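Spelled out from the first residue to the last, the chains are:
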Amino acid sequence: MTLTLLDALSKLSGRFMKLAEGARKMGLEVNTEKTKYMVTEEIPRPGEEIRIREYTFGKIPKIMYLGSLIIQDNVVDSEIKRRVLCANCCYYSLSPYFMSCALSKDTKIYLYKTIIRPILLYGSETWTIIMIGGG
C-alpha cells in the first residue's frame, strides 16, 4: 500500500481537528506559536509550513525533547558530542570536590556515578552507532 503525501496530510488534518476539538471541549486551545513539526524522512513537499484550516505549523530541523537533541536526519553524533560536553562541564564544576583531600575516594566515586555518568549516558540506549572506516 502506497501512502501519498496528499493522503498523509489528509489523515493528519483529520486527526489534528479531532485533537483541537477535544482540547476546545476541555477549555484548551492549540498554540500555533509553540507547535511545530519535523520531518524525519525527507519526502518532497510544497513549502515549509503545513496549514490545517486556521492553524499554521512551521517546520524545524531539530528539537530538544525530554533533554535529548533530536535531529531531522536521525544522526546522533551531535547528541553524543553535546552529552560529552555537558558531562565535561559538570566534571569541571565539581573538580574542587574531586581534588579535595577532605572527601574520601568512595565519596568521589559516588559523585561520579550519581552525577556525571547519568548526564553523559542519558538517552544512550536509543543511540544508533555506525562504524566509519571499517576498522
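Analysis parameters
Residues numbered from 1 in each chain as written. Predicted model: local features only at pLDDT ≥ 70, side-chain atom pairs only at ≥ 80, totals over all residues. Heavy atoms only, no water. Pairing = 2+ DSSP bridges. Helix = DSSP H or I, 4+ residues; strand = E, 2+ residues; numbered from the N terminus. Axes fitted to C-alpha atoms, helices over the stretch in contact; angles between N-to-C directions. Parallel < 35°, antiparallel > 145°, perpendicular 65-115°, else oblique. Left-handed = near helix turned anticlockwise from the far one by under 90°. Contact = heavy atoms within 4.5 Å. Nonpolar A, V, L, I, M, F, W, Y, C, P; charged D, E, K, R; others polar. Salt bridge = Lys/Arg side-chain N within 4 Å of Asp/Glu carboxyl O. Buried < 20%, exposed > 50% of the residue type's maximum accessible area, 1.4 Å probe, protein only.

1. Topic: the sheet that holds strand E2 (residues 49-52)
For step 1, the next point in the chain: Read from one edge of the open sheet, three strands run E1-E3-E2, paired in mixed fashion. Sheet topology places strand E1 (36-37) and E2 at the edges, where each strand pairs with a single neighbour.

2. Quick word on the pairing of strand E4 (residues 62-65)
For step 1, the next point in the chain: Where E4 meets strand E5 (residues 68-71), four bridges bridge the pair, whose relative direction is antiparallel. Within the sheet, the bridge partner assigned to Lys 62 lies in E5 and is Ile 71.
For step 2, the next point in the chain: What sits between E4 and E5 in their antiparallel hairpin is a turn of two residues, with Leu 66 showing a positive phi close to 50 degrees.

3. Some remarks on the packing of helix H2 (residues 77-99) against helix H3 (residues 105-121)
For step 1, the next point in the chain: It is at 8 Å that the axes of H2 and H3 come closest, and there the two elements cross at 160 degrees. Classified by the angle their axes make, H2 and H3 are roughly antiparallel. Handedness of the crossing formed by H2 with H3: right-handed. From H2, Arg 83, Val 84, Cys 86, Ala 87, Cys 90, Tyr 91, Leu 94, Tyr 97, Phe 98 and Met 99 reach across to H3, where they touch Lys 108, Leu 111, Tyr 112, Ile 115, Ile 116, Ile 119 and Leu 120.
For step 2, the next point in the chain: Residues of the contact of H2 with H3, tallied by class, amount to 15 nonpolar, no polar and two charged.

4. Observations concerning the side chain of Arg 83
For step 1, the next point in the chain: Looking at the element boundaries, Arg 83 is found in helix H2.
For step 2, the next point in the chain: With residues up to four places along the chain from it excluded, the contact list for Arg 83 reads Gly 67, Ser 68, Ile 119, Leu 120, Tyr 122 and Trp 127.

5. Quick look at the pattern of salt bridges
For step 1, the next point in the chain: Scanning the entire structure with this criterion turns up four salt bridges.
For step 2, the next point in the chain: A salt bridge links Arg 82 to Glu 79; its shortest N-O distance comes to 3.2 Å. On the criterion of helical spacing, the pair formed by Arg 82 and Glu 79 is a turn pair, its members being three residues apart in helix H2.
For step 3, the next point in the chain: Residue Glu 79 is classed as buried on the basis of its relative accessible area of 2%.
For step 4, the next point in the chain: Here Glu 79 ties to Arg 83 by a salt bridge, and the two come within 3.3 Å at their closest N and O atoms. In this pair, Glu 79 and Arg 83 are both assigned in helix H2, four residues apart and thus about one turn of the helix distant.

Just geometry here; none of it tells us what the structure is for.
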